[in-house]
Amino acid sequence: MGNMDISLKEMMGIDGAIGAVVVDYNSGMALGALGGSKDLDLQVAAAGNTEVVKAKLRTMDSLGLKEAIEDILITLSGQYHIIRPVTGRSGKGLFLYLALDRNRGNLALARHTLRMIEERLEI
């Protein structure tokens, strides 16, 4: 789990990061989390975003799309929420979730950094 702790710290090191979670989307459980606030319960976010990932996967299956999800972006008035499925063999069924303050973060840089973190993550 050391690698996961490092990955969570790297995610929180992204400018504007509010909270970071590694989530098992089969169960909706957060395997690790850092950050959050009274307005952002990371356990609730993990469970809720599991439903987003599952819905998108079902839709892609229904459409016959054979592509992989790179990331899912949810844009709020004051935040960006980025969901990035883990693609490595050891990460099957997991996703990274990053909540980012819209005024302090750079979305393009955050997506790029999250991709690099995801590629290095080993569970």
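Small disclaimer: the values here were computed from a predicted structure and weren't measured.

S.K.: How should the overall build of the protein chain be read in this particular structure?
M.R.: Helix and strand content of the protein chain: three helices and five strands. Ordered by position in the sequence, the α and β elements of the protein chain form the string α-β-β-α-β-β-β-α. Taken against the 2.2 N^0.38 rule, which gives 14 Å for 123 residues, the C-alpha radius of gyration of the protein chain at 13 Å falls within 12% of a compact globule. Taking the principal axes of the C-alpha coordinates as reference, the protein chain spans close to 40 × 35 × 25 Å. Here the protein chain holds 123 residues, and 42% of them are scored as buried. Once local pairs closer than 6 in sequence are excluded, the contacts in the protein chain between residues at least 24 apart make up 52%. Carbon and sulfur atoms provide 51% of the accessible area of the protein chain, an area that totals close to 6900 Å². Both charge centroids of the protein chain, one from 14 positive and one from 15 negative side chains, sit 3 Å from each other.

S.K.: Explain the pairing of strand 3 (residues 72-75) here, please?
M.R.: Working note: regular strand, side chains alternate between the two faces of the sheet. The pairing of strand 3 with strand 4 (residues 79-85) spans four bridges and is classified as antiparallel. Its bridge partner being in strand 4, Leu-73 is matched across the sheet by Ile-82. A loop of three residues connects strand 3 with strand 4, the two strands running antiparallel in sequence.

S.K.: Got a minute to help me understand the layout of surface pockets in this structure?
M.R.: When its volume is computed, the largest pocket comes out at roughly 230 Å³. Tyr-25, Val-53, Leu-57, Met-60, Glu-67, Ala-68, Ile-69, Pro-85, Val-86, Thr-87, Lys-92 and Gly-93 together form the lining of the largest pocket. When residues of the lining of the largest pocket are assigned to their parent elements, the largest contribution, three residues, is made by helix 2 (residues 42-63). Tallied by class, residues from the lining of the largest pocket come to eight nonpolar, two polar and two charged.

S.K.: Explain the side chain of Asp-71 here, please?
M.R.: The topology assignment puts Asp-71 in the loop between helix 2 and strand 3. Only 2.8 Å separates the side chain of Asp-71 from the side chain of Arg-111, close enough to count as a polar contact.

S.K.: I'm lost on the environment of Gly-88 in this one. Help?
M.R.: The residue Gly-88 is located in the loop between strand 4 and strand 5 (94-101) in this model. Sequence separation of Gly-88 and Glu-122 is 34 residues, and the distance between their C-alpha atoms is 7.7 Å.

So, how was this worked out
- Residues numbered from 1 in each chain as written.
- Predicted model: local features only at pLDDT ≥ 70, side-chain atom pairs only at ≥ 80, totals over all residues.
- Heavy atoms only, no water.
- Helix = DSSP H or I, 4+ residues; strand = E, 2+ residues; numbered from the N terminus.
- Rg over C-alpha atoms; globule rule 2.2 N^0.38 Å.
- Buried < 20%, exposed > 50% of the residue type's maximum accessible area, 1.4 Å probe, protein only.
- Contact = heavy atoms within 4.5 Å.
- Areas by Shrake-Rupley, 256 points an atom, 1.4 Å probe, with all protein chains shown as cover.
- Lys, Arg positive; Asp, Glu negative; His and termini not counted.
- Charge placed at Lys NZ, Arg CZ, Asp CG, Glu CD.
- Pairing = 2+ DSSP bridges.
- 1 Å grid on protein atoms, 1.4 Å probe; cavity = no way out; pocket = protein on both sides within 12 Å on 5 of 7 lines; lining within 4 Å.
- Points joined across faces, edges and corners; volume = space filled by probe spheres on them.
- Nonpolar A, V, L, I, M, F, W, Y, C, P; charged D, E, K, R; others polar.
- Polar contact = N/O pair within 3.5 Å; in protein donor to acceptor, adjacent residues only side chain to side chain.

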